[in-house]
Amino acid sequence: LAQVLQPALAPFRCAPKLVAAMLTGEFTDFKRKSKSRTPSFSPAISVDAKKRARAGVESVGFDLHESPQFVEYVADTHGTLGKYKGGFRWLYLCLVGLGAGGVAVGIHFVLEKVNTLKFESQRLMYEAGCDVFTRYLVWLSISVALASIAGALVCYVEPLAAGSGIPEIKCVLNGIYIPNVLVLRTLCAKAVGIVCSVAAGLPCGKEGPMIHSGAIVAAQVTRVNAGPHVTPYRITHEARDFTAAGAAAGVAAAFGAPIGGVLFAVEEGASHMNPTILIRMFVCAAVAALTVRFFAGPMDHETQWGTLGTEVPVEFGRWEVERPYKIWELPIFSLMGVCGGLAGAFFNWLNTHLSRWRMAHVGPRGHVRLAEVILVTLAIVSFNFFMPLVNSSTTNMEKFNVGQRLFVDLGGDAINWLFHSEDHLDNSMLFIFALSHFAKTVLTYGLGVPSGLFVPALLGGAAFGRILGQAVHESGVIGGNPGVYALIGATAMLSGMARITISLAVILMETTGEAEWGIPIFTTVMFAKWTGDLFGKSIYDIHIDLRSVPLLEHRPEKDMLVLKAKDCMATQIRSLPVRATVHEILDALEGTRHHGFPVVDSETRHFLGLVESNTLSRVLQLNREFGSFVDPDGPAEP
């Protein structure tokens, strides 16, 4: 180890008193300061606010640094050693899929049990003759308690557990490092929090947190060894590819859709794809889908062990009979896509302004944010409890019709009813639900709880689509199926909000088993995306911008085309010499928030290269651990 480190440590020579100073606490203080750099989610109102928000993020270079040590390492990995690394990579990709699927099954199983207990308590109280107000207080108390747990995990344990995590994963896959996004603490807070927030009755989806959880599982796997190789997958591009595979596995685990998971990672996450990475992602996603289908059905007592059924955490059922469509229905689907794009753009506009207000007055953590979670839960749960009782002949939840059940049983089951119910649903109840659900989703997305957007957006769009489908069916002119129009409406709404196209279409076809509806779905998502793009970015990109994360898209903005290098370069920069003392390095690291420093020849002032701050930190740490500091006044190294 000393022989390997010696060439890299040669530039960092220091005097004995500097070594003593560093060993007695100076370096410890630096480590504490560097670890405390967490992203500030202040609103992007001023330049200072943007600088504070960007202080905790760091650009990651995926280029290979062809240092002598790395060239020697690559040369040594040929033959048997290279096969070790490749073989273990496939094994670890399968383990990532197994882990992502296991997390998804755990979330699904616990959530089903908690929901069953909630409804069982209402049944027992109804049979015991309790009045409606008493049952409401119990229902509300359980919901507030669950929401408080989810909020406390975000406000006091890990703020990055809030939301779906998809914007953060997109940043990571495109070269932006955000502290604590891929740590186990975030995974635990996310998994437990999403169970509580969904069970509380908030319009939250569990699929986004499952995607984030899969990426975290993959990030943890990169820490392991590959036979004689010591943590070979922690190289930046290797870690990136594992994280992308984990995100794809998260989608596959949520929907049982491995192809859709891979396409989602390509479309929304990474911009570095090649055929090799696609194959690795598909293997990982396929293992995740297999894991979910193996465990979900038997654990829900739907199928026997060993039978791979269709039960997955988010599934929309199958149409039992053929549902053909007419060519003249395509313009209707296109118009639904336009309406979905308009609704999605309006949703994004409302949520953007609400998020800015939250950033300015609520903050990312603390008592105020938890209080907001409790107040929003009180309002939403109270509305959802009493709304089905209006003009209802019963107060027993078990005897609610489909329209009434939509308010108290959110999620995949509600979407299933809208897709497959043969009964005529009351249009007025559907309209009230669709409008109120839209408003509640605006209020909830960005709240201090883990929450996804897929299922809430699909549910709201399905309600609007069901209304139109019933009207078309009753007209007798076309005779369309209301459930199919609910599917198209769900597609349009989610595509209008998130601007997802190919992956959304494939996910819906995989979850419904309706490949024949590919053309209507493709048509709808494209019109929804085209319409929404006229008014702004997707909801995920909006939240990335709100957090002032300097993400560079694959295609630059038009304003950047006229910029030159001199327009974005600074004149007063902090550089390091070829040979620097520990004091100089610590002064540079503590005195600036730069994540990289140019190395300049002291005599010629020629630029020799760039050294990253995390590399300097690691070298200093290794110096301290192995006692490799050199006295600059001593004899020079040969």
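Residues numbered from 1 in each chain as written. Predicted model: local features only at pLDDT ≥ 70, side-chain atom pairs only at ≥ 80, totals over all residues. Heavy atoms only, no water.

Quick word on the overall build of the protein
Phase 1: Each helix and strand in the protein was counted, giving 25 helices and 4 strands.
Phase 2: Sorting the 638 residues of the protein into buried and exposed places 53% on the buried side.
Phase 3: Here the analysis covers contacts within the protein between residues at least 6 apart in sequence; of these, 77% occur between residues at least 24 apart.
Phase 4: For the protein, the exposed surface amounts to about 28,800 Å²; the carbon and sulfur share of it is 62%. (Helix = DSSP H or I, 4+ residues; strand = E, 2+ residues; numbered from the N terminus. Buried < 20%, exposed > 50% of the residue type's maximum accessible area, 1.4 Å probe, protein only. Contact = heavy atoms within 4.5 Å. Areas by Shrake-Rupley, 256 points an atom, 1.4 Å probe, with all protein chains shown as cover.)

Here's the deal with the packing of helix α17 (residues 427-444) against helix α18 (residues 454-475)
Phase 1: Running from N to C, α17 and α18 cross one another at 155°; their axes reach a closest spacing of 9 Å. As far as their axial angle goes, α18 and α17 are roughly antiparallel. As α17 runs across α18, the sense of the crossing is left-handed. Between α17, through Asn427, Leu430, Phe431, Phe433, Ala434, Leu435, His437 and Thr441, and α18, the contact on the second element is made entirely by Pro456, Leu459, Gly460, Ala463, Phe464, Arg466, Ile467 and Gln470.
Phase 2: Looking at the contact of α17 with α18 residue by residue, the class counts come to 10 nonpolar, 5 polar and 1 charged. (Axes fitted to C-alpha atoms, helices over the stretch in contact; angles between N-to-C directions. Parallel < 35°, antiparallel > 145°, perpendicular 65-115°, else oblique. Left-handed = near helix turned anticlockwise from the far one by under 90°. Nonpolar A, V, L, I, M, F, W, Y, C, P; charged D, E, K, R; others polar.)

Focus on the pairing of strand β3 (residues 596-600)
Phase 1: Summarising burial for β3: 4 of the 5 residues are buried, a large majority.
Phase 2: Counted along the chain from β3 to the antiparallel partner strand β4 (residues 607-612), the turn is 6 residues long, and its residue Arg605 has a positive phi close to 60°. (Pairing = 2+ DSSP bridges.)

Focus on the side chain of Thr501
Phase 1: Of note, Thr501 is situated in the loop between α19 (482-498) and α20 (502-512).
Phase 2: For Thr501, a relative accessible area of 8% puts it in the buried group.
Phase 3: Of the polar contacts made by the side chain of Thr501, one reaches the side chain of Glu267; its length is 2.6 Å.
Phase 4: Among residues more than four places away in sequence, those in contact with Thr501 are Glu267, Val525, Met526 and Lys529. (Polar contact = N/O pair within 3.5 Å; in protein donor to acceptor, adjacent residues only side chain to side chain.)

Here's the deal with the packing of aromatic side chains
Phase 1: With the rule as written, the count across this model stands at 18 aromatic pairs.
Phase 2: Pairing Phe346 with Phe438 gives two aromatic rings, centres 6.2 Å apart and planes at 5°, and the pair type is stacked. Residue Phe346 is located in helix α13 (residues 330-361), and its partner Phe438 is located in helix α17; the two are separated by 92 residues in the primary sequence.
Phase 3: Among the residues examined, Phe346 registers a relative accessible area of 45% and is labelled partly exposed.
Phase 4: Each residue in the set Phe119, Phe133, Tyr136, Trp139, Phe385 and Phe386 is aromatic and connected to the rest through ring pairs, giving one cluster.
Phase 5: Taking the ring centre of Trp139 as reference, the NZ or CZ of Lys118 above it sits at 4.1 Å.
Phase 6: Sitting above the plane of the Phe119 ring, Arg405 keeps its charged end 5.3 Å from the centroid. (Phe/Tyr/Trp six-rings, centres within 6.5 Å; stacked < 30°, edge-to-face > 60°. Lys NZ or Arg CZ within 6 Å of the ring centre and 35° of its normal.)

Some points on the pattern of salt bridges
Phase 1: Counted according to the given criterion, the structure contains 14 salt bridges.
Phase 2: For the salt bridge of Glu127 with Arg123, the shortest nitrogen-to-oxygen distance reads 2.7 Å. One end of the pair is Glu127 and the other is Arg123, both in helix α5 (residues 80-127) and 4 residues apart, which spans about a single turn.
Phase 3: The shortest N-O distance in the salt bridge between Asp241 and Arg240 comes to 3.0 Å. The burial state of Asp241 is the same as that of Arg240; both residues are buried. (Salt bridge = Lys/Arg side-chain N within 4 Å of Asp/Glu carboxyl O.)

Quick look at empty space enclosed by the protein
Phase 1: One pass over the full model with this rule turns up 6 cavities of 30 Å³ or more.
Phase 2: When its volume is computed, the largest cavity comes out at roughly 330 Å³.
Phase 3: For the lining of the largest cavity, the secondary-structure elements that each account for two or more residues are α7 (166-173), α13 and α14 (367-386).
Phase 4: The greatest single-element share of the lining of the largest cavity, amounting to 3 residues, is contributed by α13. (1 Å grid on protein atoms, 1.4 Å probe; cavity = no way out; pocket = protein on both sides within 12 Å on 5 of 7 lines; lining within 4 Å. Points joined across faces, edges and corners; volume = space filled by probe spheres on them.)

Here's the deal with the nonpolar core
Inside soluble globular proteins, nonpolar side chains tend to come together where they are buried.
Phase 1: In terms of nonpolar packing, the biggest core is built from 140 residues, with Phe255, Leu418, Phe419, Ile521 and Tyr540 touching the most fellow members.
Phase 2: Of all the elements, helix α10 (residues 236-255) adds the most residues to this core, at 11 residues.
Phase 3: Those residues within four positions of Phe419 in sequence are excluded, and the remaining contacts are Phe316, Trp319, Ala462, Arg466, Gly483, Ala486, Leu487 and Ala490.
Phase 4: Judged by nonpolar contacts, the second largest core, of 12 residues, contains Ile585, Leu589, Phe597 and Leu620. (Core = buried A, V, L, I, M, F, W, Y, C linked by side-chain atoms within 4.5 Å.)

Concerning α19
Phase 1: With 17 residues, α19 ought to run about 24 Å at 1.5 Å a step, and its terminal C-alpha atoms sit 24 Å apart, in line with that.
Phase 2: A large share of α19 lies buried, amounting to 17 of its 17 residues.
Phase 3: N-capping of α19 is provided by Asn481, with a side-chain oxygen placed 2.9 Å from the backbone N of Gly483.
Phase 4: The positive-phi residue at the C-terminal boundary of α19 is Arg499, with phi of around 60°. (Expected span 1.5 Å × (residues − 1).)

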